[in-house]
Amino acid sequence: MDLHLADDVALVTASSAGLGFASAQSFAREDADVAICGRDAERLAAAEAALESVGDGRVLAVQTDLTDPHDVSALVEDTVDAFGGLDHLVTSAGGPPSGSFHDVEDRDWYGAYDTLVMSAVWTVREAHPHLEDSGAGTWTAITSRSVREVIDDLVLSNAVRRAVVGLVKSVSHEFAPSVRANAVLPGAHETSRITELVEDAVDRGEYDDYEEGLAAWGEDVPLGRIGDPEELGDVVAFLASDRASYVTGVSVPVDGGSLRS
Ligand SMILES: NC(=O)c1ccc[n+]([C@@H]2O[C@H](COP(=O)([O-])OP(=O)(O)OC[C@H]3O[C@@H](n4cnc5c(N)ncnc54)[C@H](OP(=O)(O)O)[C@@H]3O)[C@@H](O)[C@H]2O)c1
């Protein structure tokens, strides 16, 4: 399906790896211009090089720490300066540490809030005027299925991410009709984040080894497997496209049917 994203400008945050990278790749395949970011310069340069060979659009990589509002402001400004505007914002962020209620301390709660919520607040605040100017601007937030159904040993994700879907819903009203805002709720997709979580579960003694843990995660999924990050990226690109022009304020699970709610 042609998503009509060629020559559009997309900024995807936390995108030198994982779900953010996969989303940037889906825009690049449609020949959109894509800006990506991450903290580690080497990883970011590798992602930039990989995306440059994907489509006909341009690629911009900006070293950014999303927990620093000055970095976020520079990221949006650099994107608009390089590409002359901004049509699509996709927010992702690093995952908060795993753990149950008594495992996490106050600083973990504040850290998770900055990483997951404030990074989105700052990015959306900076991007909104440009999304308005686009005429068909979109914001898509990558969150987690944990906003619908709690996941054991992920108390920070379960509690803090709900603020992001509340924000998406609020601005889908406030920014309408010129800007659409939606969220995607990934289930397990095989990225380094999932590798870490499965290894944590192995350390807690829940599985004998990584392979057993990964297979067990896949068994719980009705489609019988962990997702490919590209399967999330393609839904993100679809929601940003005018093929989804009457869709705003929704949270779309991309989880192989895992949610029971
Ligand atoms: N993978 C899944 O199955 C899954 C499922 C549900 C929810 N999620 C959530 O989706 C998000 C992305 O997960 P993922 O699996 O794609 O993670 P990942 O593979 O670890 O990739 C995370 C990306 O975010 C960047 N990043 C992390 N912290 C950053 C910061 N402060 N500033 C700028 N960039 C930052 C990383 O680069 P640097 O480290 O170099 O900065 C990297 O590019 C996380 O919040 C995760 O919890 C993932």
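Now for a description of the structure that goes with this document. (Residues numbered from 1 in each chain as written. Predicted model: local features only at pLDDT ≥ 70, side-chain atom pairs only at ≥ 80, totals over all residues. Heavy atoms only, no water.)

What follows deals with the site of the ligand. Around the ligand, the surrounding shell holds 28 residues, and the nearest of these are Ser16, Leu19, Arg161, His189 and Thr191. Contact between the ligand and leucine 19: an oxygen atom at 2.6 Å from a main-chain N or O atom of the residue. At 2.7 Å, a side-chain N or O of arginine 39 approaches an oxygen atom of the ligand. Among the elements that line the shell around the ligand, the one with the most residues is helix H7 (residues 192–203), at 3 residues. Across the shell around the ligand, the residue classes break down as 8 nonpolar, 14 polar and 6 charged. (Near = heavy atom within 4 Å. Polar contact = N/O pair within 3.5 Å; in protein donor to acceptor, adjacent residues only side chain to side chain. Helix = DSSP H or I, 4+ residues; strand = E, 2+ residues; numbered from the N terminus. Nonpolar A, V, L, I, M, F, W, Y, C, P; charged D, E, K, R; others polar.)

All right, on to the pairing of strand E1 (residues 9–12) then. Residues Val9 and Leu11 of E1 are buried on one face, and the alternating residues Ala10 and Val12, pointing to the opposite face, are buried as well. Handedness of the crossover joining E1 and strand E2 (residues 33–38) through helix H1 (residues 18–29): right-handed. The pairing of E1 with strand E4 (residues 88–91) spans 3 bridges and is classified as parallel. When the sheet's bridge partners are listed, valine 12 is paired in E4 with valine 90. (Buried < 20%, exposed > 50% of the residue type's maximum accessible area, 1.4 Å probe, protein only. Right-handed = clockwise from strand over helix to strand, strands pointing away. Pairing = 2+ DSSP bridges.)

At their nearest, the axes of H1 and helix H2 (residues 41–52) sit 10 Å apart, and the two run at 25° to each other. With respect to their mutual orientation, H1 and H2 come out roughly parallel. As for the relative orientation of H1 and H2, their crossing is right-handed in sense. Here Phe21, Ala24, Gln25 and Ala28 of H1 lie close against H2, whose contacting residues are Ala47, Ala50 and Leu51. (Axes fitted to C-alpha atoms, helices over the stretch in contact; angles between N-to-C directions. Parallel < 35°, antiparallel > 145°, perpendicular 65-115°, else oblique. Left-handed = near helix turned anticlockwise from the far one by under 90°. Contact = heavy atoms within 4.5 Å.)

The values are spatial; any link to function lies outside them.
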